[in-house]
Amino acid sequence: MQLKGENIGFRYDNGPWILQDMNFSIESGEVVGIMGSSGCGKTTLGRILAGYEDPQVGKVTLNGEALPKRTYNPVQLVFQHPEKAVNGRWHMKNTLQEGWDPQDEILEALGIEKAWLKRWPNELSGGELQRFCVARALGSKTKFLIADEMTTMLDAITQAQIWHVVRDVARKQDIGLVVISHEEHLIKRLCDRVVKL
Ligand SMILES: Nc1ncnc2c1ncn2[C@@H]1O[C@H](COP(=O)(O)OP(=O)(O)OP(=O)(O)O)[C@@H](O)[C@H]1O
């Protein structure tokens, strides 16, 4: 399976072009890094690849087809701010089960405690909340995962724990990973190849 962005051109409203004639592709099971200076458009590209933004020029396809808009999105996005990615009025159990019902094995590997399932998002730390966002994104229908500064706010041990689980699940389910990060050592350690914006 292939996720592809072809000749992407994008700008916000009538502002300057953030991306021009950008080409990007990733195959199932691949781990591809995206690096570039602050403000160059990495997050914007990630959002376009996951179908959150439509480019004004070019297109994004999954095996040659447009991304589905009404069913489960096979291109999942986990970004830096988990508190913005969950519904504050849902218990964590409901948030977790929004896309699928993760097995206990994954929850344990990510260090998600059973008692946290009954809490509200504001009763968890940012790092605890991010573990839920990661678990939620790893459903069996996920084909590509875009990790946009996914572990930037976490300490080194938690960061390693989360990446260990994500890579393990990605390998088993043949998920392609797009890793957007400022951290060169992380990109070098994880990725098969790197795209510089
Ligand atoms: N909603 C928006 N409306 C207008 N401009 C925006 C919007 N979101 C981002 N931008 C602008 O688009 C440009 C690219 O932003 P983006 O967040 O994609 O960059 P980035 O490479 O991910 O940056 P960083 O590494 O600092 O997170 C920036 O100049 C930013 O100010």
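For the structure given in this document, a descriptive report is provided here. Just so it is clear, the model here is predicted, and its values are computed rather than measured. (Residues numbered from 1 in each chain as written. Predicted model: local features only at pLDDT ≥ 70, side-chain atom pairs only at ≥ 80, totals over all residues. Heavy atoms only, no water.)

1. Focus on helix α1 (residues 42–49)
Phase 1 of the analysis: The buried count for α1 comes to six of eight residues, which makes it a mostly enclosed element.
Phase 2 of the analysis: Within the sequence span of α1, burial applies to Lys42, Thr44, Leu45, Gly46, Ile48 and Leu49.
Phase 3 of the analysis: Where α1 ends, the next residue or the one after it, glycine 51, has phi of about 80°, a positive value. (Buried < 20%, exposed > 50% of the residue type's maximum accessible area, 1.4 Å probe, protein only. Helix = DSSP H or I, 4+ residues; strand = E, 2+ residues; numbered from the N terminus.)

2. Digging into the site of the ligand
Phase 1 of the analysis: The local shell around the ligand consists of Tyr12, Ile18, Ser37, Ser38, Gly39, Cys40, Gly41, Lys42, Thr43, Thr44 and His182.
Phase 2 of the analysis: Take serine 38: an N or O atom from its side chain is 2.6 Å from an oxygen atom of the ligand.
Phase 3 of the analysis: Separating an oxygen atom of the ligand from a backbone N or O atom of threonine 43 is a distance of 2.9 Å.
Phase 4 of the analysis: Grouping the amino acids of the shell around the ligand by side-chain chemistry returns three nonpolar, seven polar and one charged. (Near = heavy atom within 4 Å. Polar contact = N/O pair within 3.5 Å; in protein donor to acceptor, adjacent residues only side chain to side chain. Nonpolar A, V, L, I, M, F, W, Y, C, P; charged D, E, K, R; others polar.)

3. Observations regarding the nonpolar core
Phase 1 of the analysis: Counting 38 residues, the largest nonpolar core has Trp163 and Val166 as its most contacted members.
Phase 2 of the analysis: Grouped together as the second largest cluster of nonpolar side chains are 23 residues, Ile34, Leu62, Phe144 and Ile180 included. (Core = buried A, V, L, I, M, F, W, Y, C linked by side-chain atoms within 4.5 Å.)

4. Quick look at the sheet that holds strand β4 (residues 57–62)
Remark on secondary structure: sheet strands pair via backbone hydrogen bonds, oriented parallel or antiparallel.
Phase 1 of the analysis: Judged by pairing direction, the sheet is antiparallel, and its three strands sit side by side in the order β2-β1-β4 without closing on themselves. A strand with exactly one partner marks an edge of an open sheet, and here the two such strands are β2 (19–27) and β4. In this sheet, adjacent strand axes meet at a mean angle of 10° when their direction is disregarded.
Phase 2 of the analysis: Bridge count between strand β1 (residues 2–10) and β2: six bridges; the pairing is antiparallel. Bridge pairing links phenylalanine 10 to leucine 19 in β2. (Pairing = 2+ DSSP bridges. Axes fitted to C-alpha atoms, helices over the stretch in contact; angles between N-to-C directions.)

5. Some points on the pattern of salt bridges
Phase 1 of the analysis: For the structure shown, the criterion picks out seven salt bridges.
Phase 2 of the analysis: Aspartate 54 is the salt-bridge partner of lysine 69, the closest N and O atoms lying 3.3 Å from each other. Of this pair, lysine 69 sits in the loop between β4 and β5 (75–78) while aspartate 54 sits in the loop between α1 and β4, and the two are 15 residues apart along the sequence. An identical accessibility class is assigned to lysine 69 and aspartate 54; each is exposed.
Phase 3 of the analysis: Across the pair glutamate 98 and arginine 136 runs a salt bridge whose closest N-O atoms are separated by 2.9 Å. Placement of glutamate 98 in the loop between α2 (92–96) and α3 (104–109) and of arginine 136 in helix α4 (residues 126–137) is noted, with a sequence separation of 38 residues between them. (Salt bridge = Lys/Arg side-chain N within 4 Å of Asp/Glu carboxyl O.)

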